[in-house]
Structures are given as C-alpha cells and as structure tokens.
Amino acid sequence: MNFCHYKKGVQNAISGFFLSLFLIVSIPSAAISQTTIPISAANRAALGIETESVLPSTAYARTTATGVVIAPAGSSFPITSPFSGVLVKPLVFSGANVSKGQEVALLHSPEYSTAKAQLVTLRLNMVHNQHLYESEEALYELGLRSELELDEAKHEMESARLEFLAMDERLSAVLPGNAPGNFVLTTSVDGVVSNFSTRQGSEVSIASPLLTVFSGSKYWASVQIAEVGAAQVSTGTEVQLSQTDTLGTVVSIEPEIDPVSRSLEVIVELPDDGQWRIGQLVSASFLSEVSPGTQALPERSIVRIAGNTFVFVEVPSGFRLTPVTIQTRSRNIVIVSGDLAAGDRVAISGLAALKNIIEGA
C-alpha cells in the first residue's frame, strides 16, 4: 500500500512538471530574461534542484594567508670557496653583521698551496713574455722582425697576463691561514649572515655556497594563496600584516597554479617599519577592491542560454531566470553583477531541467 502511495506521488510530480513546461512554452521568447518558472515542492524534489545562498563579493575581497619573509631578488649573495676542501671553523654565525673583506671562515685545501705557487709562476711568466714582446718590438722597428712575429709575441704576452689575472682574482677573496694549506675566506659584500649552510669539519665543494649574506634594508614575503582568493588579487593590491599597521604591496603573482595544492605564490613587498627577519612567518590579508553591487556565486550556478549568462534565483513560486555579468571567476566562485542581493538563493543542481524548460519556450 505504501508503495502505491509513493508511485502515485511521483506520477503527480511528473504531471506537475509537464504542466509547468506547458505554461512556460506559452511565454514569448523576448521576455526570457524575466521568466519565472513555477515549480512546486514536489516538482523540485523530482527534478533534484538544490540551492545555495548569494554572498556579497566583499566576503571574498579579503583573502588571508600565512607567508614567510624572504630576501628580495638581487639582495642575497652566496659566499663561495674558490677551492674544494674542509671547513676548519666558521668565523661568523647566522645573524652576524659583516663588512666587505671581513674574515668569515677558516678552511683547508691542498689546492690552495698549489694555487699560490702557480700565481708566482704565472707572474714570472707574464713579466718574461712582456720583456720578450718589448724586444721583438725593438727588432721590428729595425726591420729584423716581421709583423707576424711581432703579433705572435704580443699574443703570448696577453695570454700570460690573462692567466695571471685569473689566478690572482681567484685568490683575491682569501687570505693566508695559520698552517700550510689553510686559508681564510672573506665576504665580498656588506650585510647580515642569513644562512651558514656548512658544519665545522664538513667538506666544501668549489663554488658551492658556504654561507649567504643578505645585503639591503628591503624585505619581501612569499605567500601561498588559494585559487579562489587569487581571483581577487592583482599587482598593487594592498596587504595588511599582523606585525605592523603599515600596509604592504603585492609586487608579483605567479602565473601558474600549483596542480597539487591549487594555490599560487604571491610576492609582497613589506613596509620598512617592521622588525623583519629572513624565514619569519607573517600573516597577510589581501585588501582587494571589488566593484560595487557585485555578488559572489557558486560557479556551478551559471548557465548559458542563447549566448547569454544567467542564474536561476529562487522565488516563492519557483525560480526566476536572472541575467548576470561575470566580473571575475575561479574554479568554484564567480563574482557577478546583476539583479541579485545577498541572501538570495540560486539553483546549483537540476539546472539542465530548468534550462530545457526555458529553451523549450
């Protein structure tokens, strides 16, 4: 008996649906954007229609996320060893202020002693080739040497000079140590030691960063924001920070969304009045500007009919077809303008049936 009652109820719902369809067909197509589809509670259940609330776009204008303080591009300098060897001991530590030419680490490398000997040899070779060239030039003036022979002597002199300068530059960043094979590494810039990446007694590879010096007074923050928040953030957007009352500014936005986290990196220039440190965590609220009168809707509430964009707004008698203009969109949220108000409810499922009714009209 219960099954019979259920079957009869479904039949009544379907009959009501076709009655609604008949009523809609009689509506002129010119009035499609003002169409209201009468849907009873039974028809709504039969069509599987669900709704969600419309929110003011300001609800998405403030995106808050946590970031980390980083050095601006071009202000972090790696200090490297010109020779492979072993770190005997560090002479400075992370957070220390250093000046250009200051000793930062004592290292040991057999290559250092060899390089010093080579420098002496290269200096002698450079002086010797310079004297040879001067002799060849004098003989050329007397007609005893050809121009080709003079060019060859000049080439040898220049080659010897360049070899000496290359080795001299390689040794310019180091000072002699307190034992054979030991040398002291110096810093090439003023700043703060932000990272000493090698432990005492560890091997050091040639040209590998031994430590990093941050030079400058500006700081940035790297903030990962969700895809939905990215739609409201642009270059120049102001950022409120928990550590200061002064606002930061967005300087760049990563163009590609991470496929795993569905987020992207935003770089914020931090104000000068904060006590920032590299690696410090910051809380950032992006103060995005939104157009007045815009609303935030679920992306799946949008339908396209005859090349235009609409939503189905719930009214007491059913659903009203309402045209909207999309301002921005993300994967889940769209910001639109139209005849909507916060608190309205829009259909997010059963849209195919509602659209078929309209298009049938």
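Residues numbered from 1 in each chain as written. Predicted model: local features only at pLDDT ≥ 70, side-chain atom pairs only at ≥ 80, totals over all residues. Heavy atoms only, no water.

## Things to note about the overall build of the protein chain
And step 1. When you go through the protein chain residue by residue, the secondary structure sums to six helices and 24 strands.
And step 2. Taking all 361 residues of the protein chain together, 37% fall into the buried category.
And step 3. Contacts in the protein chain between residues far apart in sequence, at least 24 positions, make up 73% of those at least 6 positions apart.
And step 4. Surface summary for the protein chain: the accessible area is close to 19,800 Å², and the carbon and sulfur share equals 54%. (Helix = DSSP H or I, 4+ residues; strand = E, 2+ residues; numbered from the N terminus. Buried < 20%, exposed > 50% of the residue type's maximum accessible area, 1.4 Å probe, protein only. Contact = heavy atoms within 4.5 Å. Areas by Shrake-Rupley, 256 points an atom, 1.4 Å probe, with all protein chains shown as cover.)

## Considerations on the pairing of strand S6 (residues 85-90)
And step 1. Sheet topology note: the S6/strand S12 (residues 203-204) ladder contains two bridges and is antiparallel. Across the sheet, residue glycine 85 finds its bridge partner in S12, namely valine 204.
And step 2. Inspection of the sheet shows S6 paired to strand S8 (residues 103-108) by four bridges, in the antiparallel sense. Residue leucine 87 lies in a different strand from S8, and its bridge partner there is leucine 107. (Pairing = 2+ DSSP bridges.)

## A look at the environment of threonine 244
And step 1. When you line up the elements, threonine 244 lands in the loop between strand S15 (238-241) and strand S16 (248-253).
And step 2. For threonine 244 and glycine 274, which are 30 residues apart along the polypeptide, the C-alpha to C-alpha distance reads 6.1 Å.
And step 3. In this view, threonine 244 contacts Pro271, Asp273 and Trp276; residues no more than four positions away in its chain are not counted.
And step 4. Among the polar contacts made by the side chain of threonine 244, one reaches the main-chain amide nitrogen of threonine 246 at a distance of 3.2 Å. (Polar contact = N/O pair within 3.5 Å; in protein donor to acceptor, adjacent residues only side chain to side chain.)

## Section: the nonpolar core
And step 1. Counting 27 residues, the largest nonpolar core has Leu107 and Leu171 as the members making the most contacts within it.
And step 2. Of all the secondary structure elements, the ones that give two or more residues to this core are S8, helix H3 (110-141), helix H4 (147-171), strand S10 (182-186), strand S11 (191-196) and strand S13 (209-214).
And step 3. Those residues in contact with leucine 171 that sit more than four places away from it in its chain are Phe83, Tyr112, Ala115, Lys116 and Leu119.
And step 4. The next biggest cluster of nonpolar side chains, apart from the first, holds 20 residues, and it includes Ala221, Val233, Val250 and Val266. (Core = buried A, V, L, I, M, F, W, Y, C linked by side-chain atoms within 4.5 Å.)

## Side note on the sheet that holds S6
And step 1. Spatial ordering of the open sheet is given by S9-S10-S8-S6-S12, a layout of five strands whose pairing is antiparallel. Among the strands making up the open sheet, the edge pair consists of strand S9 (174-176) and S12.
And step 2. The sheet strands contacting H3 are S8, S9 and S10, and the helix crosses S9 at an angle near 85°. (Axes fitted to C-alpha atoms, helices over the stretch in contact; angles between N-to-C directions.)

## With respect to the confidence of the model for the protein chain
And step 1. Taken residue by residue, the protein chain gives an average pLDDT of 83. The fraction at 70 or more is 86%.
And step 2. Across residues 13-31, confidence stays below pLDDT 50; counting only partners more than four residues off in sequence or on other chains, it has 21 contacts. (pLDDT = per-residue confidence, 0-100.)

## Some words on unusual backbone geometry
Where the residue is not glycine, phi is negative for most of them; where a peptide bond is considered, it is trans in most cases.
And step 1. The phi angle at arginine 262 is positive, at roughly 55°, despite the residue not being glycine.
And step 2. Looking at the secondary structure, you find arginine 262 in the loop between S16 and strand S17 (263-269).

## Looking at the pattern of salt bridges
And step 1. In this structure the tally under the stated criterion is seven salt bridges.
And step 2. The partner of glutamate 158 in a salt bridge is arginine 161, with the nearest N and O atoms 3.1 Å apart. Of this pair, glutamate 158 and arginine 161 both sit in helix H4, three residues apart, roughly one helical turn.
And step 3. We classify arginine 161 as partly exposed; its relative accessible area is 35%.
And step 4. Measuring nitrogen to oxygen at the nearest pair gives 3.1 Å for the salt bridge that ties lysine 218 to aspartate 272. Residue lysine 218 is located in the loop between S13 and strand S14 (220-226), and its partner aspartate 272 is located in the loop between S17 and strand S18 (281-287); the two are separated by 54 residues in the primary sequence.
And step 5. Since its relative accessible area comes to 36%, lysine 218 is described here as partly exposed. (Salt bridge = Lys/Arg side-chain N within 4 Å of Asp/Glu carboxyl O.)

## Description of the packing of aromatic side chains
And step 1. By the definition in use, this model includes four aromatic pairs.
And step 2. Taking 5.1 Å as the distance between ring centres and 35° as the angle between the ring planes, the aromatic pair formed by tyrosine 112 and phenylalanine 183 counts as tilted. Of this pair, tyrosine 112 sits in helix H3 while phenylalanine 183 is found in strand S10, placing the two residues 71 residues apart along the sequence. Each member of the pair, tyrosine 112 as well as phenylalanine 183, carries the same accessibility label: buried.
And step 3. A connected cluster of aromatic rings, assembled from ring pairs, spans Phe83, Tyr112 and Phe183. (Phe/Tyr/Trp six-rings, centres within 6.5 Å; stacked < 30°, edge-to-face > 60°.)

## A short note on the packing of H3 against H4
And step 1. Between H3 and H4, the least distance of the axes is 8 Å, while the angle of their chain directions is 155°. As the angle between them shows, H3 and H4 are arranged roughly antiparallel. Regarding H3 and H4, the two cross each other, and that crossing is left-handed.
And step 2. Tallied by class, the residues present in the contact of H3 with H4 amount to 14 nonpolar, four polar and 13 charged. (Parallel < 35°, antiparallel > 145°, perpendicular 65-115°, else oblique. Left-handed = near helix turned anticlockwise from the far one by under 90°. Nonpolar A, V, L, I, M, F, W, Y, C, P; charged D, E, K, R; others polar.)

## Things to note about H3
And step 1. Taking 1.5 Å of rise per residue, the 32 residues of H3 would be expected to cover 46 Å, and the 47 Å separating its terminal C-alpha atoms lies within 8% of that figure.
And step 2. Residues of H3 that are buried include every one of Tyr112, Ala115, Leu119, Leu122, Met126, Asn129, Tyr133 and Glu136, and no others.
And step 3. Buried residues belonging to H3 abut H4, S9 and S10.
And step 4. The residue sitting at the N-terminus of H3 and contributing the capping side-chain oxygen is serine 109; that oxygen lies 3.2 Å from the backbone nitrogen of glutamate 111.
And step 5. Looking one or two residues past H3, glycine 143 carries a phi angle of roughly 85°, positive in sign. (Expected span 1.5 Å × (residues − 1).)

## So, the side chain of serine 75
And step 1. Among the secondary structure elements, serine 75 is positioned in the loop between strand S4 (62-70) and strand S5 (76-80).
And step 2. On the basis of relative accessibility, which here comes to 9%, the residue serine 75 falls in the buried class.
And step 3. Engagement of the side chain of serine 75 in a polar contact is seen with the backbone oxygen of proline 72, the distance being 2.7 Å.
And step 4. Filtering out sequence-adjacent residues up to four positions away, serine 75 remains in contact with Val213, Phe214 and Ser215.

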